[in-house]
Amino acid sequence: MNDLKERYLSIQKIIRTHDYEYYILDDSKISDQEYDELFRELRQIESENPDWITPESPSQRVGIKPESDFATFKHFQQMLSLANAFNEEDLRNFHDRIVKNLGKAKQIKYFCEPKMDGAAVSLIYEKGILTKGITRGDGTLGEDITSNIRTIRSIPLTLRESVNPFPDLVEVRGEVFISKPNFNALNLKAKQNGDKVFANPRNAAAGSLRQLDPAITSSRPLAFFAHGIGICKGVEFIDLQEIFSVFASWGLPVNNLNKLATSIEDCLKYFKKIESTRDSIPFEIDGVVFKVNELISQNQLGEIARSPRWAIAHKFPAEEVYTEIEKIDFQVGRSGILTPVAKLKTVNVGGVNVSNCTLHNLDELTRLDPRVGDGALIKRAGDVIPKMVKVIPKKQNRGKGVAAPSKCPSCQSPIDFNYQSEWTIIDTKTSNPVKKFSSSYEAKKYLETNQSANLNILEERIESPFIKCSGGNNCPEIFQGKFTHFVSRKAMDIDGLGQEILLTLINKQFIKDFADIYSLKRHRVELEKLERFGEKSVDNLIKSIDKSASVELYRLVFSLGIEEVGETTARNLANIFGSMEAIQESSFEDLIAVPDIGPRVAAKITDYFSNTENIASLKALIPCLSIINPKLNISREDMKFSGLQIAITGKISPMSRDEIKNLLILDGAKVTSSISKKTDYLIAGENAGSKLEKAKSLGVRIIEKGDIDTFINDPKKFI
Ligand code: IVH
């Protein structure tokens, strides 16, 4: 190797060492000038010998070419999210579940870390070289943001050589974030330039990572801490403590507030310590994370609902902020329900600007009794929806109390004051109530299973706190809301039909029903003449409509806007019934066997499909679409539990009965609440009573507490 090449490689190494000392150890050994001088020399050599440059050179952090889009990338191992504990009791329950699962004799150590408020990413290093940086995305699929990740100076482009060999491939999980001082400086600059300011460091970090031009990302003061590992080929670890110490030896940034706790009491102490020093920590955190340290135990505990059973985020209590009520309106949703909403003087609650707050329904209005001009304490419940905790009445000249309107504010139709029924089982001898149900179906079932001459059902009608516009499709808010939902991203995902355009098309009577959207191209000439429409935008709209016509069944079901049918229920309906026809023809009984569908939702679904307007609307829509049905008919026989009838009884943990039921049904089982000769298995949790006795007498196979996990994973073992 010639001398210049040798010098070149040695400068790379020296710069890397300085970067490590500056960004990771926070202990720089040279002046900025000396550093700049080294960099100049590196660049000079590279300009004369461009073929020596490799992507790992410190000069290659910012690529030249902006991306046109981010490619999707499938994580080798799923990126899970964390379940939350909001108080000491939740945390103790978490610990108890773990003790139960791993056995009392085992001493459980927890790795404790601050919960960073940033954006999760996965870094892939192959034999020590950073080859990819991926966003979390939905946990399975992320976006390839490698060129942006490379601009983050605390992320090494190559791992440092240490006594610990590099894996062939490792996914380093962690959080990209912006420190509090850097965030304030960034926002100050944005304000001075008249640019949009960020509501919180998390948005700033996530937004910076999704810039198509890495030069912009490079100008943002992003930092990184590793907090986990995905796939790791070629190196084995024993516990998290070892992983993080090896990460540090490779020059990866690891939070020095992390600590190993040897008991749950230690964890609580850690929480209190971090909470009390929160303000002096230079980055935003919203709680702490506790993780079972040992990897064998983590594996044994496994995961549920995309969260590991071995980790939990203990959140700090939500911040409550004072503001003033400027106005209280009733807003009409697409279901016709009128929701009281308070317009507030804008206030930042836990990093989010809040200017509206739902007051939910008439009961909540009565509880709070808010008036215009009053003060109010706002908190963000579960970190998302702002909640009005308390009204602080204005001392003098307090405004009038808010009464329910008698007419819809949008279409002036009369308001329906809904009544809902409640079914009570009463003991006819004593007239005492035994149990209350919100559906007659459940009440009747109760009577069937608890047959006694003394029990009877009493139906009571109670006033519902939800009021509704009676205008139906004649109410513009309901009508437009239906289409806004239909075209939205999670539904049919049609671009170019924003609120205003939709309204224009509705007013011009181009859109009267869902199917009309698919014949818009016939009106091409008229469309092009409309305000804000040009040839190009009509082209794009038609392309987007055509694309949406090929639709997965669950999306179509969700798009219809059936009351109470959200995305999850729509997915379940699609997975269980497999086709639109089967869903339309399903009976109330079929529906309540679907995970997360109870009698109330089942009734909404049967109502929807027996309404003549809806039937006609679907009849016109379906021929416009090419529906992609789930592949259930081919694989149904191959499903783990297909053909099996299973009942569940007793107290089950850590999964709830419903969670187990969902898993079983999605894998082909028929889950029943009662035991008969047809029952194949009874899953019996703690305190199983008469059902267990009955199962034994009928010779039904019984899955006991300790075997539930194995049964769910591999029922064949129990044949
Ligand atoms: S561990 C399997 N550790 O919180 C556990 N996450 O809801 C996966 N986060 O997406 C995450 N600080 O973005 C972990 N010390 C920490 C964290 C942390 C922040 C974020 C992360 C993740 C979310 C989990």
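Up top is the structure these notes are about.
Owing to the predicted nature of the structure, the values given are computational and were not obtained by experimental measurement.

Cut-offs used in this document
Residues numbered from 1 in each chain as written. Predicted model: local features only at pLDDT ≥ 70, side-chain atom pairs only at ≥ 80, totals over all residues. Heavy atoms only, no water. Helix = DSSP H or I, 4+ residues; strand = E, 2+ residues; numbered from the N terminus. Buried < 20%, exposed > 50% of the residue type's maximum accessible area, 1.4 Å probe, protein only. Contact = heavy atoms within 4.5 Å. Areas by Shrake-Rupley, 256 points an atom, 1.4 Å probe, with all protein chains shown as cover. Lys, Arg positive; Asp, Glu negative; His and termini not counted. Charge placed at Lys NZ, Arg CZ, Asp CG, Glu CD. Axes fitted to C-alpha atoms, helices over the stretch in contact; angles between N-to-C directions. Parallel < 35°, antiparallel > 145°, perpendicular 65-115°, else oblique. Nonpolar A, V, L, I, M, F, W, Y, C, P; charged D, E, K, R; others polar. Near = heavy atom within 4 Å. Polar contact = N/O pair within 3.5 Å; in protein donor to acceptor, adjacent residues only side chain to side chain. Phe/Tyr/Trp six-rings, centres within 6.5 Å; stacked < 30°, edge-to-face > 60°. Pairing = 2+ DSSP bridges. Left-handed = near helix turned anticlockwise from the far one by under 90°. Core = buried A, V, L, I, M, F, W, Y, C linked by side-chain atoms within 4.5 Å. Salt bridge = Lys/Arg side-chain N within 4 Å of Asp/Glu carboxyl O.

Right, let's talk about the overall build of the chain for a bit. Across its full length, the chain carries 27 helices and 27 strands. In the chain, buried positions account for 44% of the 719 residues. Look at the contacts in the chain between residues 6 or more apart in sequence, and 67% of them connect residues 24 or more apart. If you sum the accessible surface of the chain, you get close to 37700 Å²; carbon and sulfur atoms cover 49% of it. If the 97 positive side-chain charges of the chain are averaged to one point and the 97 negative ones to another, these points end up 3 Å apart.

All right, on to unusual backbone geometry then. Of note in the backbone geometry, aspartate 369 takes a positive phi value of approximately 45 degrees without being a glycine. Of note in the backbone geometry, glutamate 564 takes a positive phi value of approximately 75 degrees without being a glycine. Here glutamate 564 lies in the loop between helix H18 (553-559) and helix H19 (567-577). Residue classification places glutamate 564 among the partly exposed residues on the basis of a relative accessible area of 39%.

Looking now at the packing of helix H22 (residues 599-610) against helix H23 (residues 612-621). Axis separation between H22 and H23 bottoms out at 5 Å; the angle between their running directions is 70 degrees. Between H22 and H23, the crossing angle belongs to the class labelled roughly perpendicular. In this structure, H22 uses Tyr608, Phe609 and Ser610 to contact H23, whose residues at the interface are Thr612, Asn614, Ile615 and Leu618. A per-class count over the contact of H22 with H23 returns four nonpolar, three polar and no charged.

The next point concerns the site of the ligand. Of all residues adjacent to the ligand, which total 15 residues, the nearest are Leu82, Glu113, Met116, Glu175 and Lys291. Within the side chain of glutamate 113, a nitrogen or oxygen atom sits 2.8 Å from a nitrogen atom of the ligand. In this structure, a nitrogen atom belonging to the ligand sits 3.0 Å away from a side-chain N or O atom of lysine 291. Considering the ligand on its own, with 510 Å² of exposed area, one finds that the protein chains cover 86% of that surface. For the shell around the ligand, the secondary structure elements donating two or more residues are strand E3 (110-116) and strand E10 (285-292). For the shell around the ligand, the element with the most residues is E3, which contributes four residues. Of the residues in the shell around the ligand, the class split is eight nonpolar, two polar and five charged.

Our focus in this paragraph is the side chain of glutamate 113. One can find glutamate 113 in strand E3. Glutamate 113 gets classed as buried once you look at its relative accessible area, which sits at 3%. Only 2.8 Å separates the side chain of glutamate 113 from the side chain of lysine 291, close enough to count as a polar contact. Those residues in contact with glutamate 113 that lie beyond four places of it in its chain are His227, Phe244, Asn258, Tyr270, Val288, Val289 and Lys291.

Those residues of H19 lying buried are Thr569, Ala570, Asn572, Leu573, Ala574, Ile576 and Phe577. Positioned one or two residues after H19, glycine 578 has a phi angle of 80 degrees, which is positive.

Right, let's get into the packing of aromatic side chains. All chains considered together, the criterion is met by 23 aromatic pairs. Taking the centre distance of 5.6 Å and the plane angle of 50 degrees together, the rings of phenylalanine 437 and tyrosine 446 count as tilted. Here the two residues phenylalanine 437 and tyrosine 446 agree in accessibility, since each one is buried. Of the aromatic side chains, those joined through ring pairs into one cluster are Phe111, Phe166, Phe244, Phe247 and Trp250.

Counted residue by residue, strand E13 (residues 311-315) has five buried out of five residues, so it is predominantly covered. Residue alternation in E13 divides its side chains into two sets, Ala311, Ala313 and Lys315 and Ile312 and His314, and both sets are buried. As paired strands, strand E2 (residues 83-85) and E13 are joined by three bridges and run parallel to one another. In the strand pairing of E13, alanine 83 is matched with isoleucine 312. In terms of strand pairing, E10 meets E13 through five bridges, oriented antiparallel. Pairing of valine 288 across the sheet is with histidine 314, part of E13.

This paragraph deals with the sheet that holds E13. Strands belonging to one sheet form pairs held by backbone hydrogen bonds; the direction of such a pair is parallel or antiparallel. Overall, mixed pairing links the five strands, which are arranged E2-E13-E10-E3-E9 in an open sheet. Looking at the sheet topology across the chains shown, the edges are occupied by E2 and strand E9 (259-261). When the angles between neighbouring strand axes are averaged without regard to direction, this sheet yields 35 degrees. As defined by bridge partners, E3 adjoins E9 across three bridges and the pair is classed as antiparallel. Note that in E9 the partner of cysteine 112 across the bridge is lysine 259. Across the sheet, helix H3 (residues 88-102) touches E2, E3, E10 and E13, and the angle it forms with E13 is around 170 degrees. The strands touched by helix H8 (residues 240-249) within the sheet are E3, E9 and E10, with E3 carrying the most contacts at an inclination of about 55 degrees.

In this section: the packing of helix H13 (residues 476-487) against helix H14 (residues 499-507). Direction vectors running N to C along H13 and H14 enclose 125 degrees, while the axes themselves pass 10 Å from each other. Between H13 and H14, the angle is such that the two are oblique. Once H13 is placed against H14, the crossing between them reads as right-handed. Of the residues in H14, those in contact with Phe479, Gln480, Phe483 and Thr484 of H13 are Gln499, Leu502, Leu503 and Ile506. Taken together, the residues that form the contact of H13 with H14 break down as five nonpolar, three polar and no charged.

Moving on, we come to the nonpolar core. Most often, soluble globular proteins keep nonpolar side chains buried together rather than apart. If you look at the biggest cluster of nonpolar residues, it comprises 71 residues, and the most contacted ones within it are Ile517, Tyr518, Leu560, Leu664 and Ile683. Excluding its chain neighbours within four sequence positions, the residues that come into contact with leucine 664 are Phe641, Ile646, Ile648, Ala669, Val671, Ile683 and Phe711. Membership of the second largest hydrophobic core comes to 35 residues, among which are Phe111, Leu123, Phe183 and Leu295.

For the structure on display, the rule yields 32 salt bridges. Here aspartate 117 and arginine 202 are joined by a salt bridge, their closest N and O atoms 2.7 Å apart. Taken together, the residues span a long stretch of sequence, with aspartate 117 in the loop between E3 and strand E4 (119-126) and arginine 202 in helix H6 (residues 201-209) at a distance of 85 residues. What makes arginine 202 partly exposed here is its relative accessible area of 30%. The closest approach of N and O atoms between glutamate 567 and lysine 490, which form a salt bridge, is 3.6 Å. Of this pair, glutamate 567 sits in helix H19 while lysine 490 is found in the loop between H13 and H14, placing the two residues 77 residues apart along the sequence. Overlapping salt bridges bring together Asp369, Arg371, Asp374 and Arg398 as one network.

Now for the environment of serine 587. Relative to the elements of secondary structure, serine 587 occurs in the loop between helix H20 (580-585) and helix H21 (588-592). Sequence separation between serine 587 and isoleucine 605 is 18 residues; the distance between their C-alpha atoms is 9.4 Å.

Shape descriptors only; they carry no functional weight alone.
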